[in-house]
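Understanding the architecture of this molecule
Read off the chains here:
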Amino acid sequence: MDVFVTPALGKKNRPVNVVSVMAAAGEEDRLIRVLMEETGTLGVRVHEFRKVVAVREKETVPVSLGGRVYPIRVKTSTVNGRLIAEKPEYDDLSAIAREEGIPLRFVDEEVRLRISEWKRERATIRGGAGGGCPPDRPNAANAARDE
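A few points on the structure. Treat the numbers as computed from the prediction; the structure is a model and nothing was measured. Per chain, the residues get numbers from 1 upward, laid out in the order the sequence is written. Under the rules for a predicted model, residues below a pLDDT of 70 receive no local features and side-chain atom pairs below 80 are neither given nor counted, while totals for whole chains, interfaces and linings still include all residues. Excluding hydrogens and water, the side-chain values take into account all heavy atoms of the structure.

Our focus in this paragraph is the environment of Ile 32. Secondary-structure assignment places Ile 32 in helix H1 (residues 28-39). The buried label applies to any residue whose accessible area, calculated with a 1.4 Å probe on protein chains only, is under 20% of its type's maximum; exposed applies above 50%, and partly exposed to all values in between. On the basis of relative accessible area, Ile 32 is assigned to the partly exposed category, the value being 21%. Ile 32 sits 11 residues away from Val 21 along the chain, and the two C-alpha atoms are 9.6 Å apart. Contact partners of Ile 32, with chain neighbours within four places excluded, come to Val 44 and Val 46. Note on conventions: DSSP H or I runs of at least 4 residues are helices, E runs of at least 2 residues are strands, and numbering of each starts at the N terminus. Every residue pair with non-hydrogen atoms within 4.5 Å of one another is taken to be in contact.

This paragraph deals with the pairing of strand S1 (residues 2-9). Of all eight residues in S1, zero are buried; the element is thus mostly exposed. Any two strands between which DSSP finds at least two bridges are classified as paired. The sheet contact formed by S1 and strand S2 (residues 15-22) spans eight bridges and is antiparallel. Paired with Phe 4 across the bridge in S2 is Ser 20. Hairpin geometry of S1 and S2 is characterised by an intervening segment of five residues between the two adjacent antiparallel strands and by a positive phi of about 55° at Lys 12.

This is the structure in structure tokens:
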């Protein structure tokens, strides 16, 4: 379930908050009751929609940084076999930044570069192009490979 509040202007330019709840259809009646009881609203709009989800895979990549090797969990998302995103786990990056005493953004940049190099090395061993990225889709792995 996802819940978010959006500030808006209502009738006569009065400030209002729009509460949006995205949940499974089976939760609809219970959530409508909760919204009406807890907020005092007199009505709830219900919209049905479908959700398209990328295929997600996780793997652990060894990254050498500051003289140590850290295991970094990396999430890779694809849609129809095309790479959408490769993201190192925030908690892993944050822990390294604290331990090494350097800003998180520097750790993020360095880890992404090291992951790209690691994937390229693995692909070379296996005989692939590296990075897992189609050449027509620019991203960090292609940029690192092309430099």
